[in-house]
Amino acid sequence: MTEPDAPVWSVVGPLFGHFAVLSLMAIGGGVVMVAPEIQRYVVDSHHWMTAEQFSAAYAIAQAAPGPNMLYTTLVGWQVAGWIGAVAATVAIVGPPSLLTLAIMHASTRRVPGRFARAVGRGLAPISVGLLFATGWILLRGTAADWRGAVLTALAAAAVLRTKINPVWVIVAGATAGIVGLV
Amino acid sequence: MSDPPSGRGDAPTAVAPARIAPLELFLAFSEMALSGFGGVLPFAYRAMVERRRWVDREEFARLLAVAQVMPGPTICNLAVMFGYRRSGLTGAAASLAGMVAMPFAIVLGLGVAYQRFGDLPAVRRALVGMSSVAAGLILATAIKMARAVRPRVVPICLAALAFVGVGVIRFSLIAVIAVLAPAAVLFSWKSDD
């Protein structure tokens, strides 16, 4: 990772705005599903980091305890240091929280049944497509060759077939990397 | 600030939930977040339903359902909803802060370590392995979710278009969602019976 730049508001401002918009688009699949867009934004459009650094940031956040959205914290930190980390985190967590509060405040009842169902069920296929896209761009971002893809498939199979805690799968991945299997 | 809307008068069975001090919420959600290696949700369930008995299983499922429909990080939405219900805006803020603050510090600590040691060959190789595996974890989630999607032409096309548009062609997500989401909701609304 390169040295994070000094906080530059001309960088943090757009980052905050973009992340805030994306936070409201992460419906049904969590913040993981906006990862391709975040990667496109920080890697392809702005060259704030490389694809490999993005994949590494994601993997590091996965290895840490806490909500899955923390990879955005690391991305923000990478882009603009501490200010960037705070800005990214607030942008991802803030708008959805405010929206949740507003809806709870407006009504003690649940979101109207049929509409919520239509939104939830309707958007589910899009979330699925976006999650596949996330896995795809993370894999492409790593410096791994075909053996990395095999590791990806093994990890997916392990989680689907067993009840193993994902964190052990991450540990196994790190070990496989260290001993030179990928 | 303002009190959470009580359930009183809503329905005969609804009882105003007991208040929980913001500090307790903060500590409880911090604990859940810090236990949450590989996903906080199972730990939230264990803590809120089984250990502290703050909510029963049905109530937890209801909270979760709404938290999932809302945009953003599901587990954070859940913390906000529960905190607000039990201690108003202060409670919502305390719960959310509990969920985020400590993990934030830890992940930045790891980031700093990566910045320092990321160039070491062993660290680099470990991260390549971890990234490959992380991609696999996401694919597993995608496959699990795909099983719940109705095997009909329109949903499958929507999933494929989202994947290709965002993952392969690399269109902006905003553009892809703007095109696909209205079609998806409309289809789902029409075929809802």
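Keep in mind that this is a model prediction, so the values were computed, not measured.

### Some thoughts on the overall build of chain B
Looking only at helices and strands, chain B features seven helices and zero strands. Compactness check: chain B gives a C-alpha radius of gyration of 21 Å against a globular reference of 16 Å for 193 residues, more than 25% above the reference. Seen along its three principal axes, the alpha-carbon backbone of chain B occupies a region of about 55 × 55 × 30 Å. For chain B, the residues scored as buried account for 48% of the 193 residues in total. Within chain B, contacts between residues at least 6 apart in sequence are counted, and of these 50% link residues at least 24 apart. For chain B, the computed accessible surface area is about 9,300 Å², with 66% contributed by carbon and sulfur atoms. Of the charged side chains in chain B, 19 are positive and 11 negative, and the gap between their average positions amounts to 9 Å.

### Here we look at the packing of helix 3 (residues 57-69) of chain B against helix 4 (residues 74-117) of chain B
Residue and element names in this part refer to chain B. Look at helix 3 against helix 4: their axes get within 8 Å of each other, and the N-to-C directions meet at 125 degrees. Taken together, the axes of helix 3 and helix 4 are oblique relative to one another. Regarding helix 3 and helix 4, the two cross each other, and that crossing is right-handed. Along the contact surface, helix 3 presents Glu-59, Phe-60, Leu-63, Leu-64, Val-66, Ala-67 and Gln-68, while helix 4 presents Thr-74, Asn-77, Leu-78, Met-81, Phe-82 and Arg-85. Residue composition of the contact of helix 3 with helix 4, grouped by class: eight nonpolar, three polar and two charged.

### Quick word on the packing of aromatic side chains
Evaluated as defined, the whole model comprises seven aromatic pairs over all chains. Centre to centre, the rings of Phe-54 of chain A and Tyr-71 of chain A are 6.3 Å apart; their planes meet at 80 degrees, and the pair counts as edge-to-face. Highlighted residues: Phe-54 of chain A in helix 3 (residues 51-63) and Tyr-71 of chain A in helix 4 (residues 70-106), separated in sequence by 17 residues. For Phe-54 of chain A, a relative accessible area of 1% gives the class buried. Ring centres of Trp-54 of chain B and Phe-82 of chain B lie 5.2 Å apart, and the angle between their planes is 20 degrees; on these two criteria the pair is classed as stacked. Here Phe-82 of chain B lies in helix 4 and Trp-54 of chain B lies in the loop between helix 2 (41-51) and helix 3, a separation of 28 residues in the sequence. You'll find Trp-54 of chain B and Phe-82 of chain B in the same group, each marked buried. What links up through ring pairs into an aromatic cluster is the set Phe-54, Tyr-58 and Tyr-71 of chain A. Stacked on the ring of Phe-43 of chain B, the Lys or Arg Arg-46 of chain B has its end atom at 5.1 Å from the ring centre.

### Points about the interface of chain A and chain B
Facing the 105 residues of chain A at the interface are 91 residues of chain B. Of the roughly 8,600 Å² buried where chain A meets chain B, counting both sides, 75% is carbon and sulfur surface. Taken together, the connections running from chain A to chain B amount to 15 residue pairs in polar contact (both at pLDDT 80 or more). Per-element accounting of the side of chain A that touches chain B gives the leading share, 24 residues, to helix 5 (residues 113-141) of chain A. Broken down by class, the residue content of the side of chain A that touches chain B amounts to 66 nonpolar, 29 polar and ten charged.

Conventions adopted
Residues numbered from 1 in each chain as written. Chains lettered and ligands numbered in written order. Predicted model: local features only at pLDDT ≥ 70, side-chain atom pairs only at ≥ 80, totals over all residues. Heavy atoms only, no water. Helix = DSSP H or I, 4+ residues; strand = E, 2+ residues; numbered from the N terminus. Rg over C-alpha atoms; globule rule 2.2 N^0.38 Å. Buried < 20%, exposed > 50% of the residue type's maximum accessible area, 1.4 Å probe, protein only. Contact = heavy atoms within 4.5 Å. Areas by Shrake-Rupley, 256 points an atom, 1.4 Å probe, with all protein chains shown as cover. Lys, Arg positive; Asp, Glu negative; His and termini not counted. Charge placed at Lys NZ, Arg CZ, Asp CG, Glu CD. Axes fitted to C-alpha atoms, helices over the stretch in contact; angles between N-to-C directions. Parallel < 35°, antiparallel > 145°, perpendicular 65-115°, else oblique. Left-handed = near helix turned anticlockwise from the far one by under 90°. Nonpolar A, V, L, I, M, F, W, Y, C, P; charged D, E, K, R; others polar. Phe/Tyr/Trp six-rings, centres within 6.5 Å; stacked < 30°, edge-to-face > 60°. Lys NZ or Arg CZ within 6 Å of the ring centre and 35° of its normal. Buried area = accessible area lost by both parts, 1.4 Å probe. Polar contact = N/O pair within 3.5 Å; in protein donor to acceptor, adjacent residues only side chain to side chain.

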